[in-house]
Amino acid sequence: MSQSMRQEEIPTACPRCGKPINQNRSSWGRIQTSCGEDGCRQYVYRINKAKRIDKERQDAVTALSQAILHATDVLMQMDREHGHLQAQQIVEAIEWKRCKHDKITILEENAVAARRRAEKAEEHNQHLEALYKQRIQELEEEVRIYQSLESTIHSIGLRQLEQQPEA
Ligand SMILES: [Zn+2]
């Protein structure tokens, strides 16, 4: 854990069991992130790991958006006449998100079928439905990312069109 935490960020209680921590800590003492009990240490570890994965995922999305924006910007600067069309072609290449929509429909149908079976009190199918739902959420998130990328690129294309000098 970083020692450069600001005073107000230093936890005063274990995030899992609530036991007081960092109470009599000297300014150079190690900052406790949990009470030190096994279950609590593992809890803090899992939370920090999940936060790190979320951040990595967010960074990957940001890097992807920037790479696409950069590529389309370069295209439009290099060729004022056709650059925006090439940029739009890139967007069309991203359009395979449509396939994902189809996949989502199938998954949703599967989830409904799974629920019908689950209603017969089959725990296994309830578990299956939960898995389907999770997968649907993941796919929807991917679709959302691609849609936001697409609209960003599209608006750049439009701006570029507006800036084209009248022939
Ligand atoms: Zn604890």
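Residues numbered from 1 in each chain as written. Predicted model: local features only at pLDDT ≥ 70, side-chain atom pairs only at ≥ 80, totals over all residues.

Peer 1: Looking at this structure, how should I read the overall build of the protein?
Peer 2: Counting its secondary structure elements, the protein contains four helices and zero strands. In sequence order, the secondary structure elements of the protein are arranged as α-α-α-α. In the protein, which comprises 167 residues, the share counted as buried stands at 8%. (Helix = DSSP H or I, 4+ residues; strand = E, 2+ residues; numbered from the N terminus. Buried ≥ 20, exposed ≤ 12 C-beta atoms within 10 Å, placed from the backbone.)

Peer 1: Looking at this model, I keep getting lost on helix α1 (residues 38-78). Mind explaining?
Peer 2: Within an α-helix, residues lying three or four positions from one another point in the same direction, as the helix has 3.6 residues per turn. In this model, α1 (41 residues) spans 59 Å end to end at C-alpha, consistent with the 60 Å of a helix rising 1.5 Å per residue. In terms of burial, α1 is a largely surface element, two of the 41 residues being buried. (Expected span 1.5 Å × (residues − 1).)

Peer 1: What is the right way to look at the confidence of the model for the protein in this model?
Peer 2: Keep in mind that low pLDDT regions are not for reading the predicted coordinates in detail. Residues of the protein with pLDDT of at least 70 account for 68%, and the chain-wide mean is 75. Averaged pLDDT values for the elements of the protein fall to 63 in helix α3 (residues 97-118) and rise to 82 in α1. (pLDDT = per-residue confidence, 0-100.)

Peer 1: Which parts of the structure should I look at to understand unusual backbone geometry?
Peer 2: Phi is mostly negative for residues that are not glycine, and the peptide bonds are mostly trans. Even without being glycine, Asn-22 reaches a positive phi, approximately 55°. Relative to the assigned elements, Asn-22 resides in the segment before α1.

Peer 1: I'm lost on the environment of Gly-83 in this one. Help?
Peer 2: Looking at the secondary structure, you find Gly-83 in helix α2 (residues 83-94). Counting along the chain gives ten residues from Gly-83 to Asp-73, while the straight-line C-alpha distance between them is 8.4 Å.

Peer 1: How should the environment of Ile-21 be read in this particular structure?
Peer 2: Of note, Ile-21 is situated in the segment before α1. Note on Ile-21: 20 C-beta atoms within 10 Å, which makes it buried. Each C-alpha atom of the pair Ile-21 and Thr-33 lies 8.0 Å from the other, and the pair is twelve residues apart in sequence. Setting aside residues no more than four positions away along its own chain, Ile-21 makes contact with Pro-11, Thr-12, Ala-13, Cys-14, Gln-32 and Cys-35. (Contact = placed C-beta atoms within 7 Å.)

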